[in-house]
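This is what each chain is made of:
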Amino acid sequence: MMKKEPRSDERFVTRCAIADNILRYSFRLDRPDLSKRPKKEDALIDWAVKEAYAMFEPLVGDRIAKPFGVGCLPPLYGKEAVQNFLGENAIAQLYCQLREIIGEENPVSAYEAVKYTYFGSKEKSSEKGIVTGMDYLIQNNVYTFQTGSMALNKKSELDTFEFQDKEEEKKIKKKCSGANSTLKSSSESADKKLSILPQYKSFFVSGKNSGFKLSDLDVAAIFRRYNKAMAALYIVKDAYDGLRPEPDKHQLTIQEIRKLKNLYNNLCTLNDNPKLTNADRLYITIRIEQALGIQLTMSLWENVQKLHEARRIELDDVTSIKQMSTCHMLGNIINRAALVDMAFKTLNEMLDGMPAETWRTEIEKSIKGNWGTTPEMENESEIIRKWKKIYEEGMDFMANWVVPLYNTCFCTILVKAVKADLNKSNNSSEIIQTTFEILADYIDEGKIKFEPHISESVCNSVKRKPDMVRKLSDYIIETLTPVEEIEAPITCNELDQMIPKKVDGHYLNYIKTQFMDRKNPVAGEPRKS
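This write-up is about the structure you can find in this document.

Parameters and conventions
- Residues numbered from 1 in each chain as written.
- Predicted model: local features only at pLDDT ≥ 70, side-chain atom pairs only at ≥ 80, totals over all residues.
- Heavy atoms only, no water.
- Pairing = 2+ DSSP bridges.
- Helix = DSSP H or I, 4+ residues; strand = E, 2+ residues; numbered from the N terminus.
- Contact = heavy atoms within 4.5 Å.
- Axes fitted to C-alpha atoms, helices over the stretch in contact; angles between N-to-C directions.
- Salt bridge = Lys/Arg side-chain N within 4 Å of Asp/Glu carboxyl O.
- 1 Å grid on protein atoms, 1.4 Å probe; cavity = no way out; pocket = protein on both sides within 12 Å on 5 of 7 lines; lining within 4 Å.
- Points joined across faces, edges and corners; volume = space filled by probe spheres on them.
- Nonpolar A, V, L, I, M, F, W, Y, C, P; charged D, E, K, R; others polar.

**A few points about the sheet that holds strand β5 (residues 211–213)**
Here we have three strands laid out as an open sheet, ordered β1-β5-β4, and antiparallel in their pairing. Looking at the sheet topology across the chains shown, the edges are occupied by β1 (107–108) and β4 (204–205). Pairing of β1 with β5, which is carried by two bridges, proceeds in the antiparallel orientation. Bridging across to β5, proline 107 finds its partner in lysine 213. On the sheet, helix α3 (residues 79–104) packs against β1, β4 and β5 and is oriented at approximately 160° with respect to β5.

Shown next, in the form of structure tokens:
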């Protein structure tokens, strides 16, 4: 008899248990006292954010306030600011993870998708009608969770809609039933275009239970509206592959860049939709930015351009573009652009005389207890070279250490608190459902927002400047280079990515030296009498 494949919710709860053990036994972090958790659900989130930071802080020390070597800069100026920065991203990411799990466990056909997602507008058109979000449908009891299960009971608005007469009812139901073929073909077309983007997550469930992810019907609805405009993505792919017409086989024109900018802004314009909650809007815009990465790219470009205008420093060679584009490793979608701003502010501080070191250098000095050295004077080219090294290290530090480890702390604390509130229930569906609803309610209060928009000034600033268009084009094309992301909550696989064992045994040798030095004082600490 074949072993039954575990459901998505079961796999996630297992990940949380493994992650909790890694934090406790591999990193030896102190876990919070769950008996002190607040009973109110909205207060539980804020408590988990605070306790996660207290648990996580030993892994970063004061470097978290200066990931690029210079402190006292927004958005990481002060402990509370750091805590809020990490917390809002952890909340958003965990909400998206749990929503996607629910979606994968509840695939729907195109016919069902028409009934549940597009109905309810005066136009009664799946092309122009109002998009309905999953969180909205749950709040209004169109979707209801089955007891102790990930499965959702679904009813259509058609069941409760008050028709003016029989003729209207017949007409609307006919339109609804006839729209499924159009919906399926146009959604598949949009999915195919988006699949060329390395960070895109499909809104379809693959495998035996194929269909739309229930969680992503609203995402699919938004993308398919601009299916024709998304042909611009093929042009970017051709430029990446060097298949554009001669002589500029790797270049985009200003008109093509403007089309991309307009496509992105149109996709993200959701505020006038009455059937999307704040949680729905957050989920959709995160999925759009995660796939396209245009907000991050344009933020990076604006910083590159400002640096050129203010100091005549160029960052347009192939090596520099690849170095600067390491910011695409960042998984904290809603606030990662602020880290790019911080990195460039650090360069300006360094050029104005502020000393800065890599994290590696700081750690090595701490181990040796060597803090008394005076930094040497450096010229501009040396400072820029040093900053590029700090920039790459800082992006790696945030993307592959800070964000996954803090998110793991937050996730394990919140899930354990929910489990305790459920009288230590081991029902994974119940744990996921309750945690998801707490996060959705918190986001719906408007405490976390992400409203990306690209200003017209980005295109206007390079208008009639062919050299600047070429540079901007190079930065856009670089977004198609695949990047690896460390998933949270971490398991042993992610731990091996972050701290490889190495075949030569260096990892174990380090542990052995820690054993032998266990009675020696730590550098910087007073010797015990």
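**Overview of the pattern of salt bridges**
Here the structure, examined in full by the defined rule, presents 35 salt bridges. As a salt-bridge pair, aspartate 20 and arginine 31 come within 2.5 Å of each other at their nearest N and O atoms. Of the two residues, aspartate 20 is situated in helix α1 (residues 8–26) and arginine 31 in the loop between α1 and α2 (41–56); the sequence distance between them amounts to 11 residues. The salt bridge partner of aspartate 316 is lysine 471, with a shortest N-O separation of 3.4 Å. A residue pair is termed long-range when its members are at least 10 positions apart, and aspartate 316 in the loop between α12 (294–311) and α13 (318–324) and lysine 471 in helix α19 (residues 466–477) qualify at 155 residues. Members of the salt-bridge network, linked through shared partners, are Glu314, Asp316, Asp467, Arg470, Lys471 and Asp474.

**Thoughts on the layout of surface pockets**
The space that makes up the second largest pocket amounts to roughly 940 Å³. As for the second largest pocket, its lining consists of 46 residues, of which Gln97, Lys201, Gln290, Glu485 and Glu487 are closest to the centre. Elements that contribute at least two residues to the lining of the second largest pocket include exactly α1, α3, α11 (278–292) and α16 (380–421). Across the lining of the second largest pocket, the residue classes tally to 25 nonpolar, 11 polar and 10 charged.

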